[in-house]
Amino acid sequence: MQQQSNKINSIRNSIFIGSLAVYLGAIHFSPSIASISSILLLINAAWHFNENIHIKSLSIAQTLFISVFFVSIGISVAHGCALNQLMPKLLVRLPVVFLPSLMSFVKHRNIVLSKYWYVFALPIFWLAIASVCNYAMHYNFLSQMVLESKPLPIYSKVYHIEFSVIISLVLLVLLSWKLEDHELKMGGYNFFFYLIFGGLFIALHILSARTGLLGFWSGVMFMAWNYRRKLSLKYILLVAVVMVAIVFVPSVKNRIVNTLEDLRAVTHKEDLNDKSFGQRWEAWGAIVHAGKKTPLFGVGQCNIENTMRTSFSDLKSDLDAENRISPHNQYLQWFIELGLIGMVLWIVAMAITIATSRMWEVSKFVFSIILAIVMSIIFESLFERQAGILAIIVSLCLISSNKLITNTKSDA
């Protein structure tokens, strides 16, 4: 019986690892396959939660996430939203509801995901490098697009901002594994790890979506702070040289110029129709204006578009109709949809889950991932897109993996 149980557990572990890899890889060409993978992950997570409901910390974190999810539904329904209106967004958000159980599954079963690092990194590497080559082939035209606040084309169905966030989070996970001395060889050599890591690093900066860059360097700063006493002068100088060199990468340089122009346009109240940050700034203003009328419980998911349209009109925005965009800020998305109550509940749920993961002895570098997510959702509503939810789930599952065997306590 014990042998049969071990075999079932081994199969479940394999299905989990395969589902996680397919989830991350398939999203770029087939969101439906990614959805199927997420369903397999959810089944495994629900099964794990049911088996380990006696673990107090897991029970609290998972129950809180489920409760916040249903409270969010209740708030929208109270605002007159029908379930069929809510369903598309609910299905997108559903995988993140089982985040505590997914992280717990990795940790309590001692699944060493770093052994399969290339399975997670290679698909993104090929897509990113192909996109960089495309940029090089059409350098003049695409450089002008960057100056005009337009995204560089990528070989993925994922929105370019989420693509940059996925790269940045995968890079942070790989770097954390390297710092923790995980075995990261491929074919018996370290060369391939440095090749893939270096390629992703270069691609992130050449494709240069600001949200991904902000998230990545925020996470790196946390890592550097934790290793500040171990960093020798040569490594500090190397990082400084790399950061200075990055500024001279043409796409990064153009993005900096574009950002400064955006900020100048905002501060001087110029035409913001062709300014990506300017459009966000107007959208944020519209949300704050609308949110003052319903600060505690928002307006409900189905009423966001009409509410923002009215708010833009009230503020006499000069933006053309097609440029009056959605929030592109997760905090404000929660605020307008669910009010301060809903926003605080989601933040508290995430905070408790991360605090709980530390009780399970998850790597301290989980805070690098969290900091990257916290900074990224200032400029993109990651919880509103399938790829955004994927980036959060996969990165936190990967960082939950540790090659060290931990002692699982019944109340841990």
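Keep in mind that this is a model prediction, so the values were computed, not measured. (Residues numbered from 1 in each chain as written. Predicted model: local features only at pLDDT ≥ 70, side-chain atom pairs only at ≥ 80, totals over all residues. Heavy atoms only, no water.)

**Thoughts on the packing of helix H15 (residues 330–359) against helix H16 (residues 366–376)**
Selection rule: Only the stretch in contact is used when fitting a helix axis, every axis being a line fitted to C-alpha atoms; angles between N-to-C directions are given from 0 to 180 degrees. Working definition: helices are DSSP H or I runs of at least four residues, strands are E runs of at least two. Numbering for both runs from the N terminus. Working definition: roughly parallel below 35 degrees, roughly antiparallel above 145 degrees, roughly perpendicular at 65 to 115 degrees, and oblique for all remaining angles. By definition in these notes, contact holds between two residues if any of their heavy atoms fall within 4.5 Å. Classification convention: Asp, Glu, Lys, Arg as charged; Ala, Val, Leu, Ile, Met, Phe, Trp, Tyr, Cys, Pro as nonpolar; all other residues, Gly among them, as polar.
Where H15 meets H16, the closest approach of the two axes is 12 Å, and the angle between their N-to-C directions is 170°. Between H15 and H16, the interaxial angle falls into the category roughly antiparallel. Of the residues in H16, those touching H15 at Tyr331, Met350, Ile354, Ser357 and Arg358 are Val366, Phe367, Ile370 and Val374. Broken down by class, the residue content of the contact of H15 with H16 amounts to seven nonpolar, one polar and one charged.

**Considering the packing of aromatic side chains**
Heads up, the condition is: Between rings of Phe, Tyr and Trp, where Trp is taken as its six-membered ring, a pair exists when centres lie within 6.5 Å; planes separated by under 30 degrees are stacked, by over 60 edge-to-face, and by other angles tilted. The buried label applies to any residue whose accessible area, calculated with a 1.4 Å probe on protein chains only, is under 20% of its type's maximum; exposed applies above 50%, and partly exposed to all values in between.
On inspection of all chains with the given rule, the structure shows 22 aromatic pairs. For the ring pair Trp117 and Tyr118, a centre distance of 5.8 Å and an interplane angle of 85° mean the geometry is edge-to-face. Residue class for Tyr118 comes out partly exposed when judged on its relative accessible area of 28%. Judged by centre distance (6.1 Å) and plane angle (55°), the rings of Phe222 and Phe367 are tilted. Highlighted residues: Phe222 in helix H10 (residues 210–226) and Phe367 in helix H16, separated in sequence by 145 residues.

**Examining the state of the cysteines**
A disulfide bridge is the covalent bond that connects two cysteines by way of their sulfur atoms. Formally: Note on disulfides: each one is a pair of cysteine sulfur atoms within 2.5 Å.
Tallied over the entire structure, the rule returns one disulfide. The disulfide that involves Cys81 links it to Cys302, with 2.0 Å between the sulfurs. The chirality of the disulfide connecting Cys81 with Cys302 is left-handed, given an S-S dihedral of about -85°. With Cys81 in the loop between helix H3 (56–78) and helix H4 (83–97) and Cys302 in the loop between helix H13 (276–291) and helix H14 (304–314), this residue pair connects regions lying 221 residues apart in the sequence. Using a relative accessible area of 23% as the deciding quantity, one classes Cys302 as partly exposed.

**Remarks on the pattern of salt bridges**
Test applied: Basic side-chain nitrogens of Lys or Arg form a salt bridge, by our definition, when they fall within 4 Å of a carboxyl oxygen of Asp or Glu.
As enumerated under the stated definition, the model contains 12 salt bridges in all. For Arg93, the salt bridge goes to Glu337, with nearest N and O atoms at 2.7 Å. One end of the pair, Arg93, is in helix H4; the other, Glu337, is in helix H15, with 244 residues separating them in the sequence. The two residues Arg93 and Glu337 agree in class, both being buried. When the shortest N-O distance is used, the salt bridge between Glu261 and Lys275 registers 3.9 Å. Placement of the pair is Glu261 in helix H12 (residues 250–267) and Lys275 in the loop between H12 and H13, with a sequence separation of 14 residues.

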